[in-house]
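Topology and contacts: notes
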Amino acid sequence: MHSRELLLKVLNGVLFNVAWLCCVLGGNQLAVVAAIAFLIIHFLFVTDSYAEMGLVLLVAGVGIVLDSLWFFFGVLVNPDGSDWVP
């Protein structure tokens, strides 16, 4: 693997984890900003962005369904009492 490719993959992984931590600790408003910022940066470095967009949408959809199920069955509890998945 070329060193530039490796650096971009490591940077992508670090930025993903920073964005995820912002989503977990920051609440809904910071989560939206962090997720959008990460996706913009991510898609700037992806060569096949259409295929990547499909993968991102698939993974996001699965995540939303799983989180919704966990809230529905009481595995997770929304601290503000809202019916919407945070």
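The structure this text deals with has already been given above.
A short tour of the structure in this document, coming up. (Residues numbered from 1 in each chain as written. Predicted model: local features only at pLDDT ≥ 70, side-chain atom pairs only at ≥ 80, totals over all residues. Heavy atoms only, no water.)

Each helix and strand counted, the protein has two helices and zero strands in total. Across its three principal axes, the protein shows a C-alpha extent of roughly 45 × 25 × 20 Å. Within the protein, the proportion of its 86 residues that are buried is 7%. Put simply, the protein shows about 7000 Å² of open surface, and 73% of that area lies on carbon and sulfur atoms. (Helix = DSSP H or I, 4+ residues; strand = E, 2+ residues; numbered from the N terminus. Buried < 20%, exposed > 50% of the residue type's maximum accessible area, 1.4 Å probe, protein only. Areas by Shrake-Rupley, 256 points an atom, 1.4 Å probe, with all protein chains shown as cover.)

The next thing to look at is the packing of aromatic side chains. What the rule picks out here adds up to two aromatic pairs. A centroid spacing of 5.7 Å and a plane angle of 70° characterise the contact between Phe16 and Phe38, whose relative ring orientation is edge-to-face. An angle of 80° between the planes, with centres 5.0 Å apart, marks the rings of Phe72 and Phe73 as edge-to-face. Phe73 shares its class with Phe72; the two are exposed. (Phe/Tyr/Trp six-rings, centres within 6.5 Å; stacked < 30°, edge-to-face > 60°.)

Taking 1.5 Å of rise per residue, 43 residues should cover 63 Å, yet helix α1 (residues 3–45) covers just 15 Å from first to last C-alpha, more than 12% shy of that figure. Most pronounced at Gly27, the bend in α1 amounts to some 155°. Considered for burial, the residues of α1 that qualify are Ala19, Ala31, Ala34, Phe38 and His42. In the core, the buried residues of α1 are packed alongside α2 (49–72). (Expected span 1.5 Å × (residues − 1). Bend = angle between axes of the 7 residues up to and from the residue. Contact = heavy atoms within 4.5 Å.)

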